[in-house]
There are 2 protein chains.
Amino acid sequence: MHRTHTCGELRLDNAGQEVTLSGWVQRIRDKGGLIWIDLRDRYGITQLLIEEGRTNDDVVKASRGLGREFVIKVKGNVIERSSKNPNIPTGEIEIDLSSIEILNSSKTPPFTLEDNTDGGDELRMKYRYLDLRRQPLRRNLELRNRLSIETRKYLDNEKFFEIETPYLIKSTPEGARDFVVPSRMNEGQFYALPQSPQTFKQLLMVAGYDRYYQLVKCFRDEDLRADRQPEFTQIDCEMAFVEQDDILNTFEGLVRYLFKTVKNIDIPKLPIMEYADAMKYYGSDKPDIRFGMKFVELNDVAQNKGFAIFDSAELVVGINAEGCANYSRKQLDKLTDFVRKPQIGAKGMVYVKYLSDEQSANDDGSFKSSVDKFYSQEDLKTWAEKFDSKPGDLMLILSGDKNTVRKQLNELRLEMGNQLDLRKTDVFAPLWVVDFPLLEWDEDTKRFHAMHHPFTSPKADDINLLDEKPAEVRANAYDLVINGVEIGGGSIRIHDRDLQKLMFKHLGFTDEEAQEQFGFLMNAFEYGAPPHGGIALGFDRLVALFGGSDSIRDYIAFPKNNSGRDVMIDSPSEISDAQLDELMLNIKK
Amino acid sequence: MHRTHTCGELRLDNAGQEVTLSGWVQRIRDKGGLIWIDLRDRYGITQLLIEEGRTNDDVVKASRGLGREFVIKVKGNVIERSSKNPNIPTGEIEIDLSSIEILNSSKTPPFTLEDNTDGGDELRMKYRYLDLRRQPLRRNLELRNRLSIETRKYLDNEKFFEIETPYLIKSTPEGARDFVVPSRMNEGQFYALPQSPQTFKQLLMVAGYDRYYQLVKCFRDEDLRADRQPEFTQIDCEMAFVEQDDILNTFEGLVRYLFKTVKNIDIPKLPIMEYADAMKYYGSDKPDIRFGMKFVELNDVAQNKGFAIFDSAELVVGINAEGCANYSRKQLDKLTDFVRKPQIGAKGMVYVKYLSDEQSANDDGSFKSSVDKFYSQEDLKTWAEKFDSKPGDLMLILSGDKNTVRKQLNELRLEMGNQLDLRKTDVFAPLWVVDFPLLEWDEDTKRFHAMHHPFTSPKADDINLLDEKPAEVRANAYDLVINGVEIGGGSIRIHDRDLQKLMFKHLGFTDEEAQEQFGFLMNAFEYGAPPHGGIALGFDRLVALFGGSDSIRDYIAFPKNNSGRDVMIDSPSEISDAQLDELMLNIKK
């Protein structure tokens, strides 16, 4: 071993010991006669001392040949520092060097390896092994490791078995696009990489394994966004003989355990919100409930007063921003611009200021709005009552087609949450969203798709609506949402062959297609399939959330860029003609 | 929850409680008035009791509609059994039923779901979800889960971080054949699935992570054998600032911890054997040292006595089989046939019986051999001394080209070990084999290949032999061998750019090829790479070994057959033309 101790463990108690340390040169301060070197490894930083005249000449000379990021092995005595550094655990000691060995030199890194680096994204991705030396990234991966350890500990205690499912599986057209793998031994045929181990975990329930989990890589060949990677990690789980409550209880147990163990935060029992309410009050199936500002619908008080825009709207809906009545003309214009951005697409925004007593004393009344032409002070007072608005508050109102305006107001609500600093990264507000629709209409393919996936069971009470009102059928499906992020989702599955067939029919599969793609699962249901259900949590997002960030890339050791490339290893890349020949493939020109 | 208890937990203490159980019907005994049902789940079996006349008629009727593998939910009272079954933990009680609900029916399984099943391999693979219900497979996957938990516990305690490395990486021609993944977003380019995370774990050491591990799937597109799967799992590890001893100590710690924790077996300190000795004394780089029967070389005493076959041989070498002097003509002929099998390929076998006193009293002397024509009793006595042979023993001798005859004698030794029952599956004899050659000559490509991989460091003392006698250069490489199975291997890596370049040159890479394929690693070595080394253990094999089997397939939930097919899901399979078009691929006819 090239060390007797790490760079993070020596204390005053060790004074007088001769030690050997190895690590990277973080910093050198050469004050003429005295040279200090900060030596770094994963565990910390230890200060090395060299004193010209007293320290052996070879060591002095060697130290003058060092540069940042050199890897060295040093020997010396632990001594008490004259000027202590209370900011680091080793700050009371330093090492009085007797030898230095250079284990490896280093060129000057292409960007600074400090907490705040000067390197751009692509440069840091190319030299990821250097970027990973920076403390914030090291802490992120350490957090990831800790969360995976604690996740397994919790699930092991709950009698879950971790069971590995295969990575080389079968391509199916349902869902997102598969990555495929040509098979050399089976000409013209392909494996697919799993988008999730869904069918396998269900088969494990059929096989009687009762409680399954796996921290598992999944793959989706989708166009990438900032928070998406072609490969990502899931905490994938399934339980037999359960109903929805059992799954919610088990996994809110996990969430609370992780917050307690890893962050020492006590999370109260998770609220359960119906999908319909989430849409009605937050305009989103992943509401951020760190703050209120719930939607208030105004149709009954705002329509039929001569304001055509509201009168023609399916929904008039707004939020109350506490204490914002003092927003300037400019601030309000900026908000209007915000909701008019093409990504949001509102036509305009109505505001009503509920003036403070002081403000209203200088004005004509208590309310000042962008629609004063159409509404009396009395009218606006009824609005304020609906909003539970107080003097000093600001009401922001949008209108339009129900589904559209809810999405727009969701964006405005989140923006106001940001402006009012109500979305703190060290506050965590998890909840369950339940009773999702079973199906959603897809305009492109002109058919219904499974909102969760085709194995999700409809609510027993709603099955009779499948033919007449498919869009109204609710599923035994649930999402775990934390701080406006969908951390996971799952469902109670279908375990009956006939119901599964019916479901495939409603999704537009012919019997033959269903049998060809999912015959193995439907056959399995004929041999004693138990009721079962499960959940999958996005591990990358969960770790990023715990780390207080929304960029999953900073929590993945070797992520890909937005073109799906690993710029460090330069992949993907061309393969040889011999490889293509063996696989019986041609590339189209 | 469809149960208050599992089928494995009720005891006499629970008598009098009303309980709900769910599970599979394992067995029904209908003795007219009395019906017993064995209800099974992952946790055990509980007996259910139905008594015509006393039990409610609906329950009696329902029970007569049940068949094997039906999934049912029952209610009833826990009562003491009149005739107890000491073989199962729930054997003192039974459930006096008050209700039965059929949760799912089952067709008759295509093979019996008992410990010894009547199903053939392909049939059981097709219905893997049923085969997995059998106890032996359930125990195998439970063992696998336990070993992964304990492996992580040990490595976590030793301050290793589990860090996930990517699955979509870059294809390189070195080593085995890659599985490749066409990239839709990068036309004509491919990712490769990792054969191991080798370069990534080395980069993590460059990045300062100090101790890395990962239980990780790896992929090799090789023609399959019984103990190979296209995807397999590794315990993959790397450590910085270490020398070979540190790695051996850390991982023999893991091995001993696993044996102690999982099997309660104390493993003594592992012997360390040089590769050269393993070949000399066992004819194998993975010697089975559960038994002795070490090779003895006889050139000096067996040559130049007129026996042309020995005289012309590079090596005359044999083993001593204790107590086998009573082998019959027929038994000896069978052994000769064994070594003559084409897979082994010896031309013949020489035997020498060291007769017991009783046998020799009836004979002309103490030794009886197949070469009595050429060797005197005196000659054979000198052989016996070399073998440390005793009266009653049998010496078996082969001759020929050194490398060939050693391999042949290795097979014979293992066969004798089997015949003498010296290879018990509940005895474990791990050891380290060290000092492997760095390079091995490949006849097909007429060049040297890296025996371990191109990142393995040569022994410092041997570097000067690289040009003149490359075959003699030893590597800082080691294998963990248990019971004749290579469970893992690793090496101290090269961490110096120039030495790595030299190594690539000796492996026949041009500078350009080396840079194109491994430039990222060599560049990384320029920024302060620490000395480092690691190991990878084959997890499937390790689990199978712990389970006392050599078939890894029984320890994998969903394995592939020898053609790389998953016959259950029928994969690989054809993909749609639309998918091929998106990937810009044609299939050659």
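Definitions and limits used
- Residues numbered from 1 in each chain as written.
- Chains lettered and ligands numbered in written order.
- Predicted model: local features only at pLDDT ≥ 70, side-chain atom pairs only at ≥ 80, totals over all residues.
- Heavy atoms only, no water.
- Pairing = 2+ DSSP bridges.
- Helix = DSSP H or I, 4+ residues; strand = E, 2+ residues; numbered from the N terminus.
- Axes fitted to C-alpha atoms, helices over the stretch in contact; angles between N-to-C directions.
- Contact = heavy atoms within 4.5 Å.
- Domains from an automatic or database assignment.
- Least-squares fit on C-alpha atoms with pLDDT ≥ 70 in both.
- Patch = residues over 30% accessible without salt bridge, like charges linked within 9 Å, V, L, I, M, F, W, Y side chains within 5 Å.
- Areas by Shrake-Rupley, 256 points an atom, 1.4 Å probe, with all protein chains shown as cover.
- Salt bridge = Lys/Arg side-chain N within 4 Å of Asp/Glu carboxyl O.
- Lys, Arg positive; Asp, Glu negative; His and termini not counted.
- Charge placed at Lys NZ, Arg CZ, Asp CG, Glu CD.
- Buried < 20%, exposed > 50% of the residue type's maximum accessible area, 1.4 Å probe, protein only.
- Buried area = accessible area lost by both parts, 1.4 Å probe.
- Polar contact = N/O pair within 3.5 Å; in protein donor to acceptor, adjacent residues only side chain to side chain.
- Parallel < 35°, antiparallel > 145°, perpendicular 65-115°, else oblique.
- Left-handed = near helix turned anticlockwise from the far one by under 90°.
- Nonpolar A, V, L, I, M, F, W, Y, C, P; charged D, E, K, R; others polar.
- Phe/Tyr/Trp six-rings, centres within 6.5 Å; stacked < 30°, edge-to-face > 60°.

A. Expanded view of the sheet that holds strand E1 (residues 18-31) of chain A. Residue and element names in this part refer to chain A. Strand order in the closed barrel formed by 5 strands is E1-E2-E3-E5-E4, and the pairing between neighbours is mixed. Mean inter-strand twist for the sheet, computed between neighbouring axes without regard to direction, equals 50°. Bridge count for E1 against strand E4 (residues 71-80) is 7 bridges, and the pairing is antiparallel. In the sheet register, Val19 faces E4, and the bridge partner there is Gly76. Packing against the sheet, helix H1 (residues 57-64) makes contact with E1, strand E2 (34-41), strand E3 (44-51) and strand E5 (93-104), and its axis sits at approximately 65° to E5.

B. Inspection of the sheet that holds strand E9 (residues 211-219) of chain A at higher detail. All names here are of chain A. Read from one edge of the open sheet, 8 strands run E6-E9-E10-E22-E21-E20-E17-E11, paired in mixed fashion. Each edge of the open sheet is held by one strand with a lone partner, namely strand E6 (161-162) and strand E11 (272-274). As defined by bridge partners, strand E10 (residues 231-240) adjoins strand E22 (residues 532-538) across 7 bridges and the pair is classed as antiparallel. Bridged to Gln234 within E22 is Gly538. The strands touched by helix H5 (residues 198-206) are E9, E10 and E22; relative to E10, the strand with the most contacts, the crossing angle is about 20°. Across the sheet, helix H16 (residues 539-546) touches E9, E10, strand E20 (477-482), strand E21 (485-492) and E22, and the angle it forms with E10 is around 105°.

C. Spatial organisation of the domain arrangement of chain A. Per the domain assignment, the segments making up chain A are domain 1 (12-104), domain 2 (136-268 + 536-582), domain 3 (291-419) and domain 4 (429-531). Look at where the C-alpha atoms of domain 1 of chain A and domain 2 of chain A centre, and you get two points 43 Å apart.

D. Fine view of the relation of the copies chain B and chain A. Superposing chain B onto chain A takes a rotation of 180° combined with a translation of 0.0 Å along the rotation axis, leaving an RMSD of 0.1 Å. The operation mapping one copy onto its partner corresponds to a two-fold rotation axis. Comparing interface residues between copies, 100% of those in chain B also lie at the interface in chain A; the contact surface is shared.

E. A negative patch on the surface, seen in detail. All names here are of chain A. Together, Asp511, Glu512, Glu513 and Glu516 make up a region of like negative charge exposed at the surface. The residue Glu516 is located in helix H15 (residues 511-524) in this model. A relative accessible area of 62% places Glu516 in the exposed class.

F. Main features of the interface of chain B and chain A. At the interface, 124 residues of chain B touch 124 residues of chain A. Here chain B packs against chain A, burying approximately 11500 Å² in sum over the two surfaces, 57% of which is carbon and sulfur. The salt bridge partner of Asp221 of chain A is Arg184 of chain B, with a shortest N-O separation of 3.1 Å. Counting across the interface, chain B meets chain A through 77 residue pairs in polar contact (both at pLDDT 80 or more).

G. Structural context of the packing of helix H4 (residues 135-157) of chain B against helix H6 (residues 244-263) of chain B. Residues and elements named next belong to chain B. Contact pair H4 / H6: the axes reach a minimum separation of 10 Å and the direction vectors enclose 135°. Classified by the angle their axes make, H4 and H6 are oblique. The chirality of how H4 crosses H6 is right-handed. Across the interface between the two elements, Leu143, Arg146, Leu147, Glu150, Thr151, Lys153, Tyr154 and Leu155 from H4 touch Thr250, Phe251, Gly253, Leu254, Tyr257, Leu258, Thr261 and Val262 from H6. Split by residue class, the contact of H4 with H6 holds 9 nonpolar, 4 polar and 3 charged.

H. Molecular detail of unusual backbone geometry. All names here are of chain A. Residue Pro572 is reached from Ser571 by a cis peptide bond, and omega for that bond is 0°. Along the chain, Pro572 turns up in the loop between H16 and helix H17 (577-582). Phi at Phe241 is positive, roughly 60°, even though this residue is not glycine. Position of Phe241 relative to the elements: it lies in the loop between E10 and helix H6 (244-263).

I. Spotlight on the packing of helix H14 (residues 497-506) of chain A against H15 of chain A. All names here are of chain A. Direction vectors running N to C along H14 and H15 enclose 150°, while the axes themselves pass 11 Å from each other. In terms of axis orientation, H14 runs roughly antiparallel to H15. Classified by chirality, the crossing of H15 by H14 is right-handed. Contacts between H14 and H15 pair Arg497, Gln500, Lys501 and Phe504 from the former with Asp511, Ala514, Gln515, Phe518, Met522 and Asn523 from the latter. Here the contact of H14 with H15 is composed, by residue class, of 4 nonpolar, 3 polar and 3 charged.

J. Fine view of the pattern of salt bridges. All names here are of chain A. Applying the stated criterion across every chain yields a total of 106 salt bridges over all chains. Notably, a salt bridge pairs Arg144 with Asp540, separated by 2.9 Å at the nearest N-O pair. Here Asp540 lies in helix H16 and Arg144 lies in helix H4 (residues 135-157), a separation of 396 residues in the sequence. Neither Arg144 nor Asp540 differs from the other in exposure class; each is buried. Residue Glu238 is joined to Arg493 by a salt bridge in which the shortest nitrogen-to-oxygen separation is 2.7 Å. With Glu238 in strand E10 and Arg493 in the loop between E21 and H14, the pair connects residues that are 255 residues apart, well separated along the chain. Linked through salt bridges whose partners overlap, the residues forming this network are Asp121, Arg124, Arg128, Asp131 and Arg134.

K. Focus on the packing of aromatic side chains. All names here are of chain B. Following the criterion strictly, the structure yields 55 aromatic pairs over all chains and no others. Here the aromatic rings of Tyr127 and Tyr129 are separated by 6.1 Å at their centres, their planes lie at 70°, and the arrangement is edge-to-face. For Tyr129, a relative accessible area of 2% gives the class buried. Between Tyr167 and Phe219, the aromatic rings sit 6.0 Å apart at their centres with planes inclined by 75°, giving edge-to-face as the arrangement.

L. Examining the pairing of strand E16 (residues 394-400) of chain A more closely. Residue and element names in this part refer to chain A. With respect to burial, E16 is a largely interior element, 6 of its 7 residues being buried. As paired strands, strand E13 (residues 315-321) and E16 are joined by 7 bridges and run antiparallel to one another. Residue pairing in the sheet places Leu315 in a bridge with Gly400 of E16. Pairing geometry for strand E14 (residues 350-354) and E16, over 4 bridges, is antiparallel. Note on E16: the bridge partner recorded for Val352 is Met395.

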